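# Structural description and commentary
Chain by chain, the residues:
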Amino acid sequence: MVAMKSRVAWRISGIYVGFGEAWIVVSSMLVWLEVGQPPSLASFLEMGKGSIFVLATAVLLFAMLRRWEGEIHQRDEELRRSEARYRLLHESLRDGFVQITMDGRFLDCNAVYCDMLGYTAADLLKLNYLDLTPPRWHGPEGVIIAKQVMVRGYSDVYEKEYCRKNGTIFPVELRTILVRDDTGAPLSMYAIVRDISERRTQEARAALVREQLIHAGRVQELGQVSAGIAHELNQPLAAMQNYAATAKRWIERGDAVAASEAIAKTCEQAKRAGDIIQRMRSFVEKRDTNKTRDDVNAIIREATALGLIGAKSIGIEARYNLAPDLPLVIADRVQIEQVLVNLLHNAMDAMAEGPQRILTLSSSASASAVEIIVSDTGKGIPATVVDSLFQPFVTTKQSGMGIGLAISKSIIEAHGGEIFAEPNPGGGTRFCVRLPPAPPLCEA
Ligand code: ADP
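These lines cover the structure that appears in this document, whether it is placed above or below.

To continue, consider helix H5 (residues 138–152). If you check H5, its first and last C-alpha atoms are 20 Å apart, about what 15 residues at 1.5 Å a residue would give, namely 21 Å. Among all positions of H5, only Glu 141, Ile 144, Ile 145, Gln 148 and Val 149 are buried. Turning to H5, the residues buried within the fold contact strand S3 (158–163), strand S4 (169–180) and strand S5 (186–195). The first or second residue beyond H5 is Gly 153, which carries a positive phi of 95°.

What follows is the structure in structure tokens.
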């Protein structure tokens, strides 16, 4: 190592000594030739002095060169070590690393990045970054680069898609960072990229389980009022029977006008029964989440048509205090109905044995939320469950499953809202649901 290190110093010093000594000898010989006399002792002494000078300066030169070489070697060594550290980090990253020029040509990438995309590093160096990005992401990613990377030097973590060598498209999450040269001009960009396909699959699975749970909650909710539904259907069916019998009688008596009126009333009742069945069907139907801009008061009316079935027969008085002209909300109507039906059933249960049975539904709006309140005059929330009300499988009912409020909370939170319970000032409980108002529609 030392021999290697001083090789250049030896060479240059050797050349210097060679040239110096040759110069002394040649110049002395020229002097002797010019004078035409044999060299004197004094001229040999002069030559000796010159040689000593050359040798002494050569030693100095050698020492300087060795020192210079040592510094360069040390710098090389540091650079090599830092490069090795960088390589190690680069290759041991569990995320992909990619560096590109400002116009998208690949400069560098690690093995994870290559594996993710199914290309070799050599393949990638011939491509442009845009070749791997599906066209629909070019615009949005361009905006991120212009507004974040070029402005503050790095982007927030963002999501996009990549196209593998085999043509499949997969989702990634990345942060892009700008590299500038010594003058501050943009030189290149690098990104740390994570394949989030697995996460997406898990999210989709979790969403499916959640949808199934919400659906199970709806079926259970409807199951709880099956007796009430039978009773509710019985009324139009009995009325239809009566009107049909009346129509038959009028026909037998030859009064076509009266018969026609009775038949029209039969049809009305048939429609009423059909509507109840239709409402139940759409409530329990299996469906994907479908959020639209919707009117909270309309949702309340739908929910009460189903949730208050059987309420009158147990002496419950429903009151409404709905504010007009509420801002719209972005909601999955059936899911919000499900929350309200659950709150209505709980309120009815809580008042079932009480002396006063008033159920009030109110709606109102503030700057940040549209609010729905379901209040009852029941026995209040039992102290044993008050702190765990929205947790699954918490119930004080003999045949309760304790999932209604847990599902309601998950639904409302998935709508960006909140749900909570508090004592009703007049006795009983009030449940408050707050949903964010829908953002204004963009002008076309
Ligand atoms: P379940 O109705 O099956 O018990 P929920 O999650 O809907 O499940 O309700 C959990 C518990 O919260 C109920 O068992 C009851 O004790 C309490 N609760 C809910 N709503 C009310 C209410 N309006 N008044 C009093 N207690 C209530």
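Moving on, we get to the site of the ligand. Taken together, 22 residues sit near the ligand, with Asn 346, Thr 395, Thr 396, Lys 397 and Leu 405 positioned nearest. One nitrogen or oxygen atom from the side chain of Asn 342 is found 3.4 Å from an oxygen atom belonging to the ligand. Between an oxygen atom of the ligand and a side-chain N or O atom of Thr 396, the distance comes to 2.4 Å. Put simply, the parts of the chain that give the shell around the ligand at least two residues each are helix H10 (333–351), helix H11 (404–414) and strand S12 (429–435). With 4 residues, the top contributor of residues to the shell around the ligand is H10. A class-by-class count of the residues in the shell around the ligand yields 11 nonpolar, 9 polar and 2 charged.

This part covers the sheet that holds S5. Read across the open sheet, the 5 strands follow the order S2-S1-S5-S4-S3; overall the sheet is antiparallel. Where the open sheet ends on each side, the last strands, each with one partner, are strand S2 (106–109) and S3. Neighbour to neighbour, the strand axes of the sheet diverge by 35° on average, direction disregarded. With 3 bridges connecting them, strand S1 (residues 96–101) and S2 associate as antiparallel partners. From the neighbouring strand, Val 98 faces S2, where its bridge partner is Cys 109. Packing against the sheet, helix H2 (residues 41–92) makes contact with S1 and S2, and its axis sits at approximately 80° to S2. Set on the sheet, helix H6 (residues 197–224) makes contact with S3, S4 and S5; between it and S4 the angle comes to about 135°.

Now for H10. Across its 19 residues, H10 extends 27 Å between first and last C-alpha, which sits within 8% of the 27 Å expected from 1.5 Å per residue. For H10, the buried fraction is high: 17 of the 19 residues fall into the buried class. Measuring from the backbone nitrogen of Val 334 back to the side-chain oxygen at the start of H10 gives 3.2 Å, which picks out Asp 332 as the cap.

Before going further, it helps to examine the sheet that holds strand S10 (residues 370–375). One open sheet accounts for 5 strands, arranged S7-S9-S10-S12-S11; its pairing is mixed. In the strand order of this sheet, the two ends are held by strand S7 (317–322) and strand S11 (418–423), each with one partner. Each adjacent strand pair in this sheet contributes to an overall mean axis angle of 15°, direction not counted. In terms of strand pairing, S7 meets strand S9 (residues 358–365) through 6 bridges, oriented parallel. Across the sheet, Arg 319 pairs through a bridge with Thr 360, a residue of S9. Along the sheet, H10 contacts S9, S10, S11 and S12; its crossing angle with S9, the most-contacted strand, is approximately 145°.

Another point: the nonpolar core. Residues Ile 336, Leu 340, Leu 343, Leu 359 and Val 433 are the most contacted members of the largest nonpolar core, which totals 48 residues. Leaving out residues up to four positions away in the same chain, Leu 359 has contacts with Leu 308, Ile 316, Glu 317, Ala 318, Arg 319, Leu 344, Ala 347, Met 348, Met 351, Val 374 and Ser 375.

This part covers the state of the cysteines. Per the stated rule, a full pass over the model turns up 0 disulfides. In this model Cys 114 remains outside any disulfide bridge; the closest cysteine sulfur is found in Cys 109, 3.6 Å from its own. On the accessibility criterion, Cys 114 (8% relative accessible area) is buried.

Attention shifts here to the side chain of Glu 21. In this structure, Glu 21 sits in helix H1 (residues 2–35). If sequence neighbours within four positions are ignored, Glu 21 has contacts with Ser 51, Val 54 and Leu 55.

The way to describe two aromatic rings as a pair is by their centre distance and the angle between their planes. Using the criterion set out here, one finds 9 aromatic pairs in the structure. Measuring from centroid to centroid gives 6.2 Å for Phe 106 and Tyr 113, while their planes differ by 50°, and the two rings are tilted. For the pair Phe 106 and Tyr 113, one class covers both residues: buried. Linked through ring pairs, Phe 106, Tyr 113, Tyr 129, Tyr 162 and Phe 170 together constitute an aromatic cluster. A cation sits over an aromatic face here: Arg 253 above Trp 250, 5.2 Å from the ring centre.

Mapped onto the secondary structure, Glu 337 falls in helix H10. Here Glu 337 sits buried without a salt bridge, and the closest side chain of opposite charge, Arg 333, lies 4.5 Å off (N-O distance). Not counting residues up to four positions away in its chain, the partners in contact with Glu 337 are Phe 283, Ile 299, Glu 302 and Ala 303.

Our next topic: the environment of Glu 83. When you line up the elements, Glu 83 lands in helix H2. Classification of Glu 83 by relative accessible area gives partly exposed; the value is 47%. Counting along the chain gives 280 residues from Glu 83 to Ser 363, while the straight-line C-alpha distance between them is 65 Å.

Our next topic: the pattern of salt bridges. In total, this model carries 23 salt bridges according to the counting rule given. A salt bridge links Asp 294 to Arg 333, with the nearest nitrogen and oxygen atoms 2.9 Å apart. Of this pair, Asp 294 sits in strand S6 (residues 292–294) while Arg 333 sits in helix H10; the two residues are 39 residues apart in sequence, bridging distant segments of the chain. Across the salt bridge formed by Glu 422 and Arg 430, the nearest N and O atoms sit 2.9 Å from each other. Residue classification places Arg 430 among the partly exposed residues on the basis of a relative accessible area of 23%. One salt-bridge network, in which partners are shared between bridges, spans Glu 159, Arg 200 and Glu 203.

Rules and cut-offs
- Residues numbered from 1 in each chain as written.
- Predicted model: local features only at pLDDT ≥ 70, side-chain atom pairs only at ≥ 80, totals over all residues.
- Heavy atoms only, no water.
- Helix = DSSP H or I, 4+ residues; strand = E, 2+ residues; numbered from the N terminus.
- Expected span 1.5 Å × (residues − 1).
- Buried < 20%, exposed > 50% of the residue type's maximum accessible area, 1.4 Å probe, protein only.
- Contact = heavy atoms within 4.5 Å.
- Near = heavy atom within 4 Å.
- Polar contact = N/O pair within 3.5 Å; in protein donor to acceptor, adjacent residues only side chain to side chain.
- Nonpolar A, V, L, I, M, F, W, Y, C, P; charged D, E, K, R; others polar.
- Pairing = 2+ DSSP bridges.
- Axes fitted to C-alpha atoms, helices over the stretch in contact; angles between N-to-C directions.
- Core = buried A, V, L, I, M, F, W, Y, C linked by side-chain atoms within 4.5 Å.
- Disulfide = S-S within 2.5 Å.
- Phe/Tyr/Trp six-rings, centres within 6.5 Å; stacked < 30°, edge-to-face > 60°.
- Lys NZ or Arg CZ within 6 Å of the ring centre and 35° of its normal.
- Lys, Arg positive; Asp, Glu negative; His and termini not counted.
- Salt bridge = Lys/Arg side-chain N within 4 Å of Asp/Glu carboxyl O.

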